[in-house]
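Below, each chain spelled out in residue letters.
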Amino acid sequence: MKRALIVGGANGMGLAIATELAKREDCEKVYIVDKVSVSEEHKNEKFECFQIDLTQTDYSLFDRFGDIDTLMITAGFGHLALFRDIDEDYITASFNVNTVAAIRIIKHFYNKLESNEDFRCGVMVSIAGFMSSPFFSVYAATKAALKIFIESVNVELIKAGSKNRILNVSPGSLKGTSFNQGKTDLSLTAPMAKSIIEHLKRKDDLFIPQYEEVFKNVLERYHDDFRAEGLHSYEYKVKSGRV
């Protein structure tokens, strides 16, 4: 993992992954592409930063990173709200950033994924993409689309004879990230960042943190009765004080 590109790497889990990669002796460069720049307190001599709004149509910037062997896409946003309270601009922006951007960026590097050379690629998806998620209806829909895209393309990679895969990282709520207007705390995100890097190195295709402890039972309940689990999720969010 000598040269990596982290899209959405200026804060949150993207910054945590970039920081952990930069600590590795074999890492030479970490390109960071984000809407905002990396803050002074988090800058690193191995970082090279570029700014882009992922809602724009021109993605030619990504053609300049032909030297990378690792791609991690963490850009995305969402906030808890009932669908009736969301405006149409938010719906469009959500799909453009959370879903379309990731698919377009992967398209720019698909020749590397399909090649015989090692190329590691991962996307921050969400456990919300695996089940109904009231108060997160649009966000969950953007992530569900990513989930199916990744699974489908990974089959195509297998049939093309490539050993490379796209890693779907689908956590629940993560402490220390800037998601939902939070503040990045690298001391809290470092362990998860290290785990994600290990799964990237192994070219795994799915990583659900706390799967055995939490989400195995949640997903089983969802598949048994998605209506009941949806209602449970609604009540859980209300009682947790997150809405």
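Up top is the structure.
Everything numeric in this text was worked out from a predicted model, so none of it was measured.

## As for the side chain of Ser170
Looking at where Ser170 falls in the secondary structure, it is placed in the loop between strand 6 (166-169) and helix 5 (186-201). Since its relative accessible area comes to 0%, Ser170 is described here as buried. At 3.3 Å, the side chain of Ser170 and the backbone nitrogen of Ser126 are in polar contact. Not counting residues within four places of it along the chain, the set of residues in contact with Ser170 comprises Val125, Ser126, Ile127, Phe130, Phe207, Ile208 and Pro209.

## Structural notes on the pairing of strand 5 (residues 120-124)
For strand 5, the buried fraction is high: five of the five residues fall into the buried class. Of the two faces of strand 5, both are covered, the one formed by Arg120, Gly122 and Met124 as well as the one formed by Cys121 and Val123. Sheet topology note: the strand 5/strand 6 ladder contains four bridges and is parallel. Bridge pairing links Cys121 to Ile166 in strand 6. After leaving strand 5, the chain enters helix 4 (residues 137-159) and then returns to the sheet as strand 6, a path that is right-handed.

## What about helix 4?
Along an α-helix, a turn takes 3.6 residues, which lines up residues three or four apart on a common side. Look at helix 4: 34 Å from first C-alpha to last across 23 residues, which is about the 33 Å you get at 1.5 Å a residue. Of all the positions in helix 4, only Val138, Tyr139, Ala140, Thr142, Lys143, Leu146, Lys147, Phe149, Ile150, Val153, Asn154 and Leu157 are classed as buried. Here the buried face of helix 4 lies against helix 2 (88-108), helix 3 (110-114), strand 5 and strand 6.

About the thresholds
Residues numbered from 1 in each chain as written. Predicted model: local features only at pLDDT ≥ 70, side-chain atom pairs only at ≥ 80, totals over all residues. Heavy atoms only, no water. Helix = DSSP H or I, 4+ residues; strand = E, 2+ residues; numbered from the N terminus. Buried < 20%, exposed > 50% of the residue type's maximum accessible area, 1.4 Å probe, protein only. Polar contact = N/O pair within 3.5 Å; in protein donor to acceptor, adjacent residues only side chain to side chain. Contact = heavy atoms within 4.5 Å. Pairing = 2+ DSSP bridges. Right-handed = clockwise from strand over helix to strand, strands pointing away. Expected span 1.5 Å × (residues − 1).

Distances and angles like these do not, on their own, reveal function.
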